[in-house]
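Each chain, letter by letter, is given below.
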Amino acid sequence: MAKGITKRADDYSQWYIDVVRKAEMADHSPVKGCMVIKPTGYGIWEKIQQRLDRMFKETGHVNAYFPMLIPESFLKKEAEHVEGFAPECAVVTHGGGKKLEEPLVIRPTSETIIWDSYRTWINSYRDLPILINQWANVCRWEMRTRLFLRTTEFLWQEGHTAHATHEEAEEETYKMVQIYREFAEEYLAMPVLVGKKTDAEKFAGALHTYCIEGLMQDGKALQAGTSHHLGQNFAKAFDVKFQDSDKELKYVHASSWGVSTRLIGGMIMTHSDDNGLVIPPKLAPLPVVIVPIYRNDEQREQVIAKAEEMTAGWDPLFFKIDNRDHYKPGYKFNEWELKGIPLRIEIGPRDVESGEVVVARRDTSEKVTLPMEGLLEKVEALLDDIQANLLKAAKERTEANTHTVDSYEEYKKRIGDGGFFRVFLDHENPKVEEQLQADTRSTIRCIPFDAEREEGECMISGKPCHYRVVAAQSY
RNA sequence: CGGGGUGUGGCGCAGUCCGGUUAGCGCACCUGCUUUGGGAGCAGGGGGCCGUAGGUUCGAAUCCUACCACCCCGACCA
C-alpha cells in the first residue's frame, strides 16, 4: 500500500489532495487558490494540448493570442456577461507606479477583447467564418478552490468563432462539443454525457451552452468542457457587422468553447487508485519506465547495457531507463506507480540471461514475462489495451452509477450516495431548479442530446415532461 | 461572507493548560560504508528569529491584545 495516500473509501477529498501531492503534479502557491504546476502535471497538460490542438486544426481552426489585460468597460458591454463575471474578476488599478485612467481586468474569459478585435477584422461575408482558438491563462476569483478542479488562475483553450448565420454558429457549437466528447473518450478514457445546459447553468451571455459531463469515482459529476452558442449578443455589444451577399448589413453570429486544466483533475478522479495516479497511456508524457536490477557494479553495467541495446531505436520520449543508483528497485516501483506511469519494465541479471523482461501494467498491477525480441510491438499493444481497459472500467462504473428515479422522495434519499440520476424535471422552470438545489445540493447537469422521448411528470412541479434530464451533485 | 479548526526546519507532528538551560520527534535532505527482483541498514551531519505586530515579565513557542494566513463545512463557479 502506498505510503502517504489516504484511501478513497476513508476520505475521498483527502485522497485527491494526496494523489496530486505525492505524484508531484502541483503545489499550492503563496497566493490563495493558485497552484504551481510541476513537470509531472504540466507534462500531461502538454499532451492534452498537443492532442486537442491537432483536433482543432483538423477541423479548420487556427491559433492566435489576445492580451491578458482587458479594459474594464469592455466587460460591461454585454449585460448578462458582466453580471456573470464581474464578481469574480481580478482588477489591475495601478501600473508603472501610477493609478490607471481605466482599471484593467485580468481576463476571466476573452470574448470581449476578442470581439473588439473582430469588429475591425470583419466587413464582408467573405471574411467569415473566423475560426480562432487561443491557449491562455485566465483568472477567476473563486470563493473556494481545489487543485486542478478550480484554481484562481488556470490554463485553458478558448475557441472564438464568427459566422454569417445562426445555423453555421449552431453547427460549430455542436461540432466542438462533439470534439470534446471524442477527446474525453479517446484520450482521457473518460466517458461523458453530452447535452445542453439549462438556462440557469448556461454561460453568461450565451443563447445556450452544450457540455460534456463526467462522473467521478465518488459519484459526483464534473463539467469537463463547454461550447456556447453566443448568437448575436457579442456582435451587438461590440458592433460587429458584415455586409452579406444580399447587400444587407447584418450582425455576426458567434460561438465560444473551452476546456481547462480541470481535465487533469477529471483524469485523476476517473482513473487513479489508492496507490496513486493512473495516467491513460495516450496522455502519458512518459509511457514506459525501465527499472534495472543488479547486485553490484558489474551487473549494473551489464543490465543497463542490455536495456540500452533492447531499446535501441525506440523514441527517446517514449521511455526512460531509471538508472539512479541511490534508490533500490522496490522504491522505484512504488514511485513510478505513484506517478501513474502506464507500464514498467523490470530487467535484471536473470532476464539478461534468459533474454526476457518482466512487464508490469499500472491499471491492473499484472506482471507478464515477455521476450526482448520484438518487445516494442508487444509494449505498444499492452499500452493500447490499458487505454481501452481504463475506458471500459470507467464506462462500467458510470453505467452502474446511473440511476433512473421517478419519485422526489426516492431521489432525495439517494442523491447523497452519488451518481447520475435520470429524472423528469421541468428544466424550463427556474423555480424547479432552485427547489432542487435547496433541497438536495444537486443540479440538472444536462439535457442529454440522446434523451429518448418518454412521458412523465416533473418530480417537483408535476408538470408533464417528454424526456428525462440528468441531475447530480457536482464539483 | 456565516459555522468550525489550525499556524513550531521541506512535509507530518509533540511541547502551550501550569513561562525557566542549547525547542524536540518521525519522514525527507547531505557524507561515508554495507546494500539492491516490492518503499534497505548503520554511523556522522546540515537545516528553526515557534504566522505577524504590540504588550506583561528578570525571562515568552508558552500569558494578554490586535491583526494576518491557511484548511474543512456551506453560499459563488470551468
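Because the structure is a prediction, the values reported are computed rather than measured. (Residues numbered from 1 in each chain as written. Chains lettered and ligands numbered in written order. Predicted model: local features only at pLDDT ≥ 70, side-chain atom pairs only at ≥ 80, totals over all residues. Heavy atoms only, no water.)

Visitor: Please provide a residue-by-residue account of the layout of surface pockets, values included.
Guide: Vacant regions in the atomic arrangement are exposed by a probe of water-molecule size rolled over the atoms. By volume, the largest pocket is sized at about 1,600 Å³. Lining the largest pocket are 48 residues; nearest its centre among them are Glu142, Arg150, Gln223, Arg262 and Tyr475. Those elements that place two or more of their residues in the lining of the largest pocket are α4 (79–85), β8 (153–163), β11 (221–231), β14 (253–260), α8 (262–271) and β22 (443–448). Split by domain, the residues of the lining of the largest pocket number at least three in each of domain 1 (12–271) and domain 3 (402–472). Here the second largest pocket is characterised by a volume of approximately 490 Å³. In this structure, the second largest pocket is lined by 22 residues; those nearest its centre are Val192, Leu193, Thr402, Pro448 and Asp450. When we break the lining of the second largest pocket down by domain, the ones giving at least three residues each are domain 1 (12–271) and domain 3 (402–472). (1 Å grid on protein atoms, 1.4 Å probe; cavity = no way out; pocket = protein on both sides within 12 Å on 5 of 7 lines; lining within 4 Å. Points joined across faces, edges and corners; volume = space filled by probe spheres on them. Helix = DSSP H or I, 4+ residues; strand = E, 2+ residues; numbered from the N terminus. Domains from an automatic or database assignment.)

Visitor: Any chance you could break down helix α6 (residues 166–186) for me, citing the residues and the numbers?
Guide: Owing to its 3.6 residues per turn, the α-helix brings residues three or four apart onto one side. With 21 residues, α6 ought to run about 30 Å at 1.5 Å a step, and its terminal C-alpha atoms sit 30 Å apart, in line with that. Along α6, the residues classified as buried are Ala169, Glu170, Glu172, Thr173, Met176, Val177, Gln178, Ile179, Tyr180, Phe183 and Ala184. (Expected span 1.5 Å × (residues − 1). Buried < 20%, exposed > 50% of the residue type's maximum accessible area, 1.4 Å probe, protein only.)

Visitor: Pulling in residues and values, what's your account of helix α9 (residues 297–310)?
Guide: Given a rise of 1.5 Å per residue, 14 residues ought to cover 20 Å, and the 20 Å separating the end C-alpha atoms of α9 matches this to within 8%. Residues of α9 that are buried: Gln299, Val303, Ile304, Ala307 and Met310. The arc enclosing the buried residues of α9, seen along the axis, measures out at 120°, which places them on a common side. Across α9 from its buried face, at more than 90 degrees, point the exposed residues Asp297, Glu298, Glu301 and Glu309. Residues of α9 that are buried sit in contact with β15 (288–292), β16 (319–321), β17 (343–347), α11 (349–354), β18 (356–361) and α12 (375–400). By the N-cap criterion, in which a side-chain oxygen at the helix start approaches the backbone nitrogen of a residue two or three places on, α9 is capped by Asn296, the distance to Glu298 being 3.2 Å. (Arc of directions from axis to C-beta. Contact = heavy atoms within 4.5 Å. Polar contact = N/O pair within 3.5 Å; in protein donor to acceptor, adjacent residues only side chain to side chain.)

Visitor: Please give an account of the packing of helix α1 (residues 12–22) against α8 that cites residues and values.
Guide: Where α1 contacts α8, the axes come no closer than 11 Å and their chain directions differ by 115°. In terms of orientation, α1 and α8 fall into the roughly perpendicular class. The way α1 lies across α8 gives a crossing that is right-handed. On α8, the residues touching Tyr12, Trp15, Tyr16, Val19 and Val20 of α1 are Gly265, Ile268 and Met269. Residue composition of the contact of α1 with α8, by class: seven nonpolar, one polar and no charged. (Axes fitted to C-alpha atoms, helices over the stretch in contact; angles between N-to-C directions. Parallel < 35°, antiparallel > 145°, perpendicular 65-115°, else oblique. Left-handed = near helix turned anticlockwise from the far one by under 90°. Nonpolar A, V, L, I, M, F, W, Y, C, P; charged D, E, K, R; others polar.)

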